[in-house]
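What follows is the residue order along each chain.
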Amino acid sequence: MNGTTPARRRVGLTALFTLALTLRLIAIDRAYDIHVDECYYVSISRSVAAGDGPAFQGDYFALHPPALFAVMAVVLRLSGDTGDPAGLLTAVLSVRPVSACTGAVTVVAVTALLHRAVHAPIAWTAGLLLAMDPFLNRFDSRAFLESQAMAATVLGLLVLARLPATARRRAVTGAAAGGLFAVAVTTKDWYALLSFVPVTLLAVAGGRPARGMRLTAAAVTAAGYGLYVGVTAATGAWDAWRQQKLDGLARALGFNQLTGFNSPHNTTDLHERLLARADLFAVSYSLILLGACATFWLLWFRHRQPARYAGSPARSVITACAGCTFTALPYTVFFGTLEEQMFYPPLVAGVLALALTTDVVRSRDGRECLGRRTPRWQAAALLLVFAALALVLDARVWAEVHTRRDDAHRRLVDWVTAHVPPHQVVAATDDTVPLVLPRARAQKWSIPTHEGGRRAHYVVVSRQLVEQGYTLIDPSSYATLSRRATLVHREPGATAGALEVYDVRSFMGP
């Protein structure tokens, strides 16, 4: 689809990978504060590294499959991690580069995939947008599941973006793609919607010879996930696995809303969060919205002009993947458990769809489908202006995020260690603080009647989590605490809002 020579393309992709990785690695330990999910995942990875399987605090964990935990377990073993609870924060920071690397792989894989479907300038522009995107950077700079799952998914799509000439090569290609998809779905089950489902639909709807290759990919994906389930059953964890998967399915479908914007426990609506983060993620939100529009236009265009997809498996897999992603998104937004990481796949799929749509619209058939023959230079100018503006805005956000300190939990640990004697009790009102500061104990607080065991000397509160309804202290008790107790330390941070340490000895008694 473009005139770039293979050698120049390899050089360009290498440079793009280096850029994307560098943007993610710079200040990775202080630009993004510790997230509670990172603590869970690294604790589980420690259990895997110790040979005890995926477990958190001794309990079997199957809410997510173990592929990422296995990778992080290897990194932890190589880094000499001892498994000491007091070193969990350091362990989390040590594995963050894994996510940064796989995030950079996603950027390169998307660009390479687009090179097989669109003209080179569009592909390179899409790659730069993903490399700079602050929303992707935020997730790729933490020990989250999304980065590895998406990298494996897009690599699988890239493998399927060509149709080998012989049946044997098609079978090998399908098996390779299926292996990558198996990594994706055994990292996070939800990514079957981006890999297994669209490839299966393409196999059913398409014709030979691509059908056999795609069916092979789907079969290998299913076999990979089946192997994971089989090993789980063989190790005696079937009952726990089944129960946790059913609970996870109920959460995904919205029947059990424990967390997320649709949860009754959450006091922050989606639109409030979108407005609050618009200064950081305006470009990301725009790409998702434009990507959704582009996806549904591509589905309509595919129905009206099927010949434009003939001989282009890359266009087919892009459209199918984006179609499945954005078809499922409305249900998640309105009915399912909606959390911020749910927008990671739509952002990547949206950029793919938007790039393909831009290329199609440049063609005569695409412009006629829009109802008028827009000159090519106008379409190119619009793309150039939007891309330039988006990159400038993202560069500003990157500079802002990576030059500030957002490591309130690490600074809190240092302060408590230096200023609070070991015999004094520190109480925490959320799940993160006890994980990074093992001497702190989580307990529910209700003032004036304090519920809990041993009386505390100090209480740590995250103001932002109180506002969102995710703490063990209710807003009225927090207001009373802030009036009656002595605020002895405060660690500001963009993620936590502020971590506040209160001396409660004056009214809690001896």
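Whatever comes next refers back to the structure up there.
This section reports on the structure supplied with the text. Bear in mind that the values here come from a model prediction, so they are computed numbers and not experimental data.

A short note on helix H5 (residues 120–132)
- For H5, which comprises 13 residues, the first-to-last C-alpha distance of 18 Å matches the rise-based estimate of 18 Å (1.5 Å per residue) to within 8%.
- Among the residues of H5, Ala120, Ile122, Ala123, Ala126, Gly127, Leu129, Leu130, Ala131 and Met132 are the ones counted as buried.

A look at empty space enclosed by the protein
- Applying the stated criterion to the full structure yields four cavities of 30 Å³ or more.
- Of the pockets and cavities examined, the largest cavity occupies roughly 110 Å³.
- As for the largest cavity, its lining consists of Ile122, Thr125, Ala126, Leu129, Leu287, Val351, Leu354, Ala355, Thr358, Leu383 and Phe386.
- At the level of secondary structure, the elements contributing two or more residues to the lining of the largest cavity comprise H5, helix H15 (344–362) and helix H17 (376–403).
- Residues that form the lining of the largest cavity fall into these classes: nine nonpolar, two polar and no charged.
- The volume enclosed by the second largest cavity comes to roughly 60 Å³.
- If you trace the second largest cavity, you find it lined by Phe135, Phe261, Leu270, Arg273, Leu274, Tyr285, Ile288, Glu340 and Phe343.
- Of all the secondary structure elements, the ones that give two or more residues to the lining of the second largest cavity are helix H12 (270–276) and helix H13 (278–304).
- With three residues, the top contributor of residues to the lining of the second largest cavity is H12.
- Among the residues forming the lining of the second largest cavity, the class breakdown is seven nonpolar, no polar and two charged.

Focus: the environment of leucine 89
- Tracing the backbone shows leucine 89 in helix H4 (residues 88–115).
- Overall, leucine 89 belongs to the buried group, its relative accessible area being 7%.
- Residues leucine 89 and histidine 409, spaced 320 residues apart in sequence, show a C-alpha to C-alpha distance of 8.8 Å.
- Beyond its immediate chain neighbours, meaning those up to four positions away, leucine 89 contacts Ile34, His409, Arg410, Val413 and Val436.

Structural notes on the sheet that holds strand S3 (residues 426–428)
- Spatial strand order, S4-S3-S5-S7-S6: five strands in an open sheet with mixed pairing. Each of the sheet's edge strands pairs with one partner strand only, and the pair in question is strand S4 (440–442) and strand S6 (486–493). Looking at each pair of strands side by side, their axes are set apart by 25° on average, direction ignored.
- Across the sheet, helix H18 (residues 408–419) is in contact with S3, strand S5 (458–462), S6 and strand S7 (497–503); its angle to S6 comes to roughly 145°.

A few points about helix H2 (residues 36–49)
- For H2, with 14 residues, the first-to-last C-alpha span of 20 Å sits near the 20 Å given by 1.5 Å per residue.
- For H2, the elements touching its buried residues are strand S1 (55–56), helix H3 (67–78), H4 and helix H19 (432–436).
- Of the residues flanking the end of H2, it is glycine 51, one or two places downstream, whose phi is positive at about 85°.

Quick notes on the rules
Residues numbered from 1 in each chain as written. Predicted model: local features only at pLDDT ≥ 70, side-chain atom pairs only at ≥ 80, totals over all residues. Heavy atoms only, no water. Helix = DSSP H or I, 4+ residues; strand = E, 2+ residues; numbered from the N terminus. Expected span 1.5 Å × (residues − 1). Buried < 20%, exposed > 50% of the residue type's maximum accessible area, 1.4 Å probe, protein only. 1 Å grid on protein atoms, 1.4 Å probe; cavity = no way out; pocket = protein on both sides within 12 Å on 5 of 7 lines; lining within 4 Å. Points joined across faces, edges and corners; volume = space filled by probe spheres on them. Nonpolar A, V, L, I, M, F, W, Y, C, P; charged D, E, K, R; others polar. Contact = heavy atoms within 4.5 Å. Pairing = 2+ DSSP bridges. Axes fitted to C-alpha atoms, helices over the stretch in contact; angles between N-to-C directions.

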